[in-house]
Amino acid sequence: MSLSQSLLLLLVVLGIGLSFKAAQKTRGSLGFYCANGQISAWQNGLALAGDYLSAAAFLGAAGLYYTAGYDSLIYAVGTLMGWPLLLLLLADKLREKQHFTVADMLASRFGQRSVRWMSATSNLLIVLFYLIVQLVGAGKLIELLFHLPYLLAVILVAAIAVLYVALGGMLATTWIQLTKASLLIACALALAIGIWAKSGYSLSTLMQSTVAHSPSGAAVLLPSPAMHNPWEVLSLGLGLVLGLLGLPHVLMRFFTVADARAARQSACYATGLIALFFTLNAIIGAGGIVFISHHPSYLDSQGHVLGGSNMVVLHLAHALGGNILQSIVAAVVFTTLLAVIAGLTLAGASSLSHDLYTRLWRRQAPSEQHALKVSRIATLVLVCLALLLSILFRQQNIAILMGLAFAIAASGPFPVLLLALFWRKLSAQGALVGGYTGLASSILLILLGPTVWVNIFGFAKPLFPLNSPAICSVPLAFFAAWLVSTLWPNSETHGANQSLPD
Amino acid sequence: MKVLLLTLIIVPTALYYGLIAFAPTLLAYPVATMPLSIPLALGMIWLGFIISVVYLWQGRQQDKAACR
């Protein structure tokens, strides 16, 4: 067994051990979904960072820096700026009352089953797309590193994720996320320090070397031609910033802490960790260009990175620290994928079991034992569905699927959530129409845009000119919610929160 | 205070993406030995964290004042 495989096995066994320990403390729905609200602020902050920093943030960001230079930082700024917005707008309000899911929260405001249905299905859609991205990424990574067939690789990953979640619920995923986040940041720190040391401990020397080694020259430190359409840039920025505020597996974490104060603290800790990570990633990306781009051991006969640009980080680890560092980084990357899959699975399972089954289909509270059993079955069902879809989507560009998830999150759940928390005049009908308008418009515009209509369907010109639909779908969702709420105001709303401002 | 902090997030973010969208050549302006683009991006990333810390600190001050 190679060092990579041994380390990977060790981390998987550690994760399973944590899940078994968490299972002993997980009782009932409150324990399974929210860890009994007993997660501390710093633990939740690390777990939030862990949930957010997927392998795409590590491998994908460095790969993007390698191919498109500064564009990677444009993405980083957008995604980071969502965090202080999350803190200021949503963190404490989400935690004010004990809910299991965001759909719970909306249903308590409007008291209508249709609103819960809308929220739950849009959350499920986002979770599914995100899960597919992670499973495809994990499958390809294992295929490359351990020479296992893709199908076996994704089945293995899916099985481990089911074990983590079904056993220990939110407590297990929290412990796994904070372990993984610590390891990921440690790896990024090690790589960044190695690069910085080889650059004579000078950032300006590193930047000069990056320019010297890049085929684009000085343009590598400026926006690429992909950013030349101003409306594309604005739409991308809007989607990246607001997308975070609609991600169900992130929002769900605010139900796990004791009170609103802990929710705010955890969001702040997460922001700091992510800011640190993105800063280190900027150094790692530059290091990729300097130490990989002209090194024949890491390039194929056509001069492309072996395994694709997503493998830049792994090759860089080898360049800096040989097989040992590469093995450690590979094992941590795989753990990252597993942990994010576990977090997403829990968010999706909660929508399936709590929102759709318990609240909508069954309509009366089941026994705690039954609820827990349903949650575990929902976990299995969701992962099986994502597994099947990941086989179908195996050849698709992962970035497209990720962009789809963010665009849907920014356009569907976020506008309704924001208005529900801050605008008393939002009616149930307005929430429904706004939510569905955002969801449908974002999906439709992505399908009609260049990445799907042209690149996948093969048409000559797109029907919608932008890759990211946020600049249209987000305002459309807000407008639809406002218009319908104004035309059909709250008259039969059940349990409307009277303390909300006008 | 919350409105001020929200403004301090939204306005710089809008300006940053506006700069990339409509005046990208300004990002090439030299700052020490690198273009403006790099320190600007890193500054934006840490601005988000600084605002989070300020909000948290302000919340603690309010809690202390309420306890007196």
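Check the entry above for the structure.
Scope of this entry: the structure provided in the associated data block.

Quick look at a nonpolar patch on the surface now. Together, Phe-479, Trp-482, Leu-483, Leu-487 and Trp-488 of chain A make up a nonpolar patch on the protein surface, roughly 540 Å² of accessible area in all. Mapping Trp-488 of chain A onto the fold places it in the segment after α19 (470–487).

Between chain B and chain A, the residue contacts involve 33 residues of the former and 41 residues of the latter. The interface formed by chain B and chain A holds eight residue pairs in polar contact (both at pLDDT 80 or more) in total. Of all the secondary-structure elements, those providing two or more residues to the side of chain B that touches chain A are α1 (2–22), β2 (34–35) and α2 (37–67) of chain B. At 16 residues, α2 of chain B tops the list of elements feeding residues into the side of chain B that touches chain A. Taken together, the residues that form the side of chain B that touches chain A break down as 24 nonpolar, six polar and three charged.

Let's shift gears to the packing of aromatic side chains. Tallied over the full model, the rule gives twelve aromatic pairs over all chains. Look at Phe-414 of chain A and Phe-478 of chain A: their rings are 6.1 Å apart centre to centre, the planes differ by 85°, and that puts the pair in the edge-to-face class. Separated by 64 residues along the polypeptide, Phe-414 of chain A in helix α16 (residues 413–422) and Phe-478 of chain A in helix α19 bring together distant segments of the chain. On the basis of relative accessibility, which here comes to 3%, the residue Phe-414 of chain A falls in the buried class. Taking the relative accessible area as the measure of exposure, Phe-478 of chain A reaches 24% and is therefore partly exposed. The interplanar angle of 80° and the centroid separation of 5.9 Å between the aromatic rings of Trp-46 of chain B and Phe-49 of chain B together place this pair among those described as edge-to-face. Taken together, the residues span about one helical turn, with Trp-46 of chain B and Phe-49 of chain B both in helix α2 at a distance of three residues. Overall, Trp-46 of chain B belongs to the partly exposed group, its relative accessible area being 28%. Overall, Phe-49 of chain B belongs to the partly exposed group, its relative accessible area being 24%. An aromatic cluster of three or more residues is present, and its members are Phe-58, Phe-277 and Phe-278 of chain A.

About the cut-offs
- Residues numbered from 1 in each chain as written.
- Chains lettered and ligands numbered in written order.
- Predicted model: local features only at pLDDT ≥ 70, side-chain atom pairs only at ≥ 80, totals over all residues.
- Heavy atoms only, no water.
- Patch = residues over 30% accessible without salt bridge, like charges linked within 9 Å, V, L, I, M, F, W, Y side chains within 5 Å.
- Areas by Shrake-Rupley, 256 points an atom, 1.4 Å probe, with all protein chains shown as cover.
- Salt bridge = Lys/Arg side-chain N within 4 Å of Asp/Glu carboxyl O.
- Helix = DSSP H or I, 4+ residues; strand = E, 2+ residues; numbered from the N terminus.
- Contact = heavy atoms within 4.5 Å.
- Polar contact = N/O pair within 3.5 Å; in protein donor to acceptor, adjacent residues only side chain to side chain.
- Nonpolar A, V, L, I, M, F, W, Y, C, P; charged D, E, K, R; others polar.
- Phe/Tyr/Trp six-rings, centres within 6.5 Å; stacked < 30°, edge-to-face > 60°.
- Buried < 20%, exposed > 50% of the residue type's maximum accessible area, 1.4 Å probe, protein only.

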